[in-house]
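Per-entry structural report
Here are the chains, one letter per residue:
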Amino acid sequence: MKNSDLFNASRFLLFTYSNLDFDAKKDEAIKQAVVLAYKDATLMGAYNAKKSGNETHKDEPNAKTVLINSVIDSVKTLNPNADYNIWHAELCNKLDQRIENFKYGNAQKLVNMTMKNMHVIYSIINEFQPENEFVLFFKRNILIHYSKFDIPVDSYILEAAWNMEEVNDKFENKKIKFPKKEGTCKRIAGKYSSDKIESWSSWDESKYTSFQNSLKDQIQSNRPLDWEYNAWIEIAKSRKK
């Protein structure tokens, strides 16, 4: 018998976080994970589409619907035998090409936060309803890929990665490949500043892949998202001070 206080608190947090309950259906949970991820991928000007880019014929879906549906469809086809890295790259490239001004940097945030959101939803529901439809789908098709999940890149993660490098004062030994802004000295040191790094939402595939792979190499963990959960929270806490 599960602790009733924990049950009630978890149910409340799940609902306020994702608008889902413990009886959530698979399609419902996947859609909510993607919708939440879309908000992160386009937050605070990260996706500054021209108005004309969102204007479509009355019978055509708008940009948001196109992107969300593309991710939903792709997630549903992900299977345990797939090469996750290939699946991820193909999906991000597809999203990069679907809508004007939606760059690879936006796409990685949408895909990576979708996977993280699904993991959060799965982890909570699984504690109380392990036979839930979405939980069974996640266990069967997605969980096996958890060690390959990419870290969602945003300013919090850039700062966390920068702080990892800052402890090493020997510039030549720095390993994480930050896409530095044009005109910035290659041998950068000192406190993190967004003025030193290109905005993550503007990155192309090459810049993203170089940063992601070098960050994973530096973390040296077979569960990179575990690091991200903690790193993101620590930066969020420090920014509130």
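Read on for a plain summary of the structure.

Calculation notes
Residues numbered from 1 in each chain as written. Predicted model: local features only at pLDDT ≥ 70, side-chain atom pairs only at ≥ 80, totals over all residues. Heavy atoms only, no water. Axes fitted to C-alpha atoms, helices over the stretch in contact; angles between N-to-C directions. Helix = DSSP H or I, 4+ residues; strand = E, 2+ residues; numbered from the N terminus. Parallel < 35°, antiparallel > 145°, perpendicular 65-115°, else oblique. Contact = heavy atoms within 4.5 Å. Nonpolar A, V, L, I, M, F, W, Y, C, P; charged D, E, K, R; others polar. 1 Å grid on protein atoms, 1.4 Å probe; cavity = no way out; pocket = protein on both sides within 12 Å on 5 of 7 lines; lining within 4 Å. Points joined across faces, edges and corners; volume = space filled by probe spheres on them. Phe/Tyr/Trp six-rings, centres within 6.5 Å; stacked < 30°, edge-to-face > 60°. Buried < 20%, exposed > 50% of the residue type's maximum accessible area, 1.4 Å probe, protein only. Lys NZ or Arg CZ within 6 Å of the ring centre and 35° of its normal. Core = buried A, V, L, I, M, F, W, Y, C linked by side-chain atoms within 4.5 Å. Salt bridge = Lys/Arg side-chain N within 4 Å of Asp/Glu carboxyl O.

So, on to the packing of helix α6 (residues 104–128) against helix α10 (residues 224–240). Relative orientation of the contacting elements α6 and α10 amounts to 85 degrees, with a least axis distance of 12 Å. Between α6 and α10, the angle falls in the class roughly perpendicular. Between α6 and α10, the contacting residues are K116, H119 and V120 on the first element and L225, E228 and Y229 on the second. Here the residues of the contact of α6 with α10 sort into three nonpolar, one polar and two charged.

A few words now on the layout of surface pockets. Size it by volume and the largest pocket reaches roughly 690 Å³. At the level of elements, α2 (26–41), α6, α8 (155–166) and α10 are the ones that each hand at least two residues to the lining of the largest pocket. Each residue belonging to the lining of the largest pocket can be placed in one class, and the counts come to 15 nonpolar, six polar and eight charged.

Inspection of the entire model under this criterion finds 14 aromatic pairs. A centroid spacing of 5.8 Å and a plane angle of 50 degrees characterise the contact between Y104 and Y208, whose relative ring orientation is tilted. Taken together, the positions of Y104 in helix α6 and Y208 in helix α9 (residues 205–219) put the pair 104 residues apart, joining distant regions of the chain. Y208 carries the same exposure label as Y104, and that label is buried. Their ring planes at 50 degrees and their centres at 5.9 Å tell us that F134 and F138 sit as a pair that is tilted. Placement of the pair is F134 and F138 together in helix α7 (residues 133–142), with a separation of four residues, close to one helical turn. The ring of F137 has K26 lying over it, and the distance from NZ or CZ to the ring centre is 5.2 Å. Directly above the aromatic system of Y156 lies the positively charged group of R239, at a separation of 4.2 Å from the ring centroid.

The next thing to look at is the nonpolar core. Ranked by size, the top nonpolar core spans 67 residues in total, and within it L95, L110, M115, M118, F134, L158 and F211 carry the most contacts. Mapped onto this core, the elements with two or more residues apiece are α2, α4 (63–77), α5 (84–98), α6, α7, α8, α9 and α10. Of the residues forming this core, the biggest block, eleven residues, is contributed by α6. What L158 contacts, discounting residues up to four positions off in sequence, is V153, F178, Y192, I197, W200, W203 and F211.

Following the criterion strictly, the structure yields nine salt bridges and no others. Residues D21 and R11 are paired through a salt bridge, measuring 2.7 Å at the closest nitrogen-oxygen approach. Here D21 is found in the loop between α1 (4–18) and α2, whereas its partner R11 is found in helix α1, with ten residues between them in sequence. A relative accessible area of 21% places D21 in the partly exposed class. Since its relative accessible area comes to 38%, R11 is described here as partly exposed. The salt bridge involving E198 is made with K207; its shortest N-O contact spans 2.7 Å. For K207, a relative accessible area of 30% gives the class partly exposed.

What is shown is where atoms sit, not what they do.
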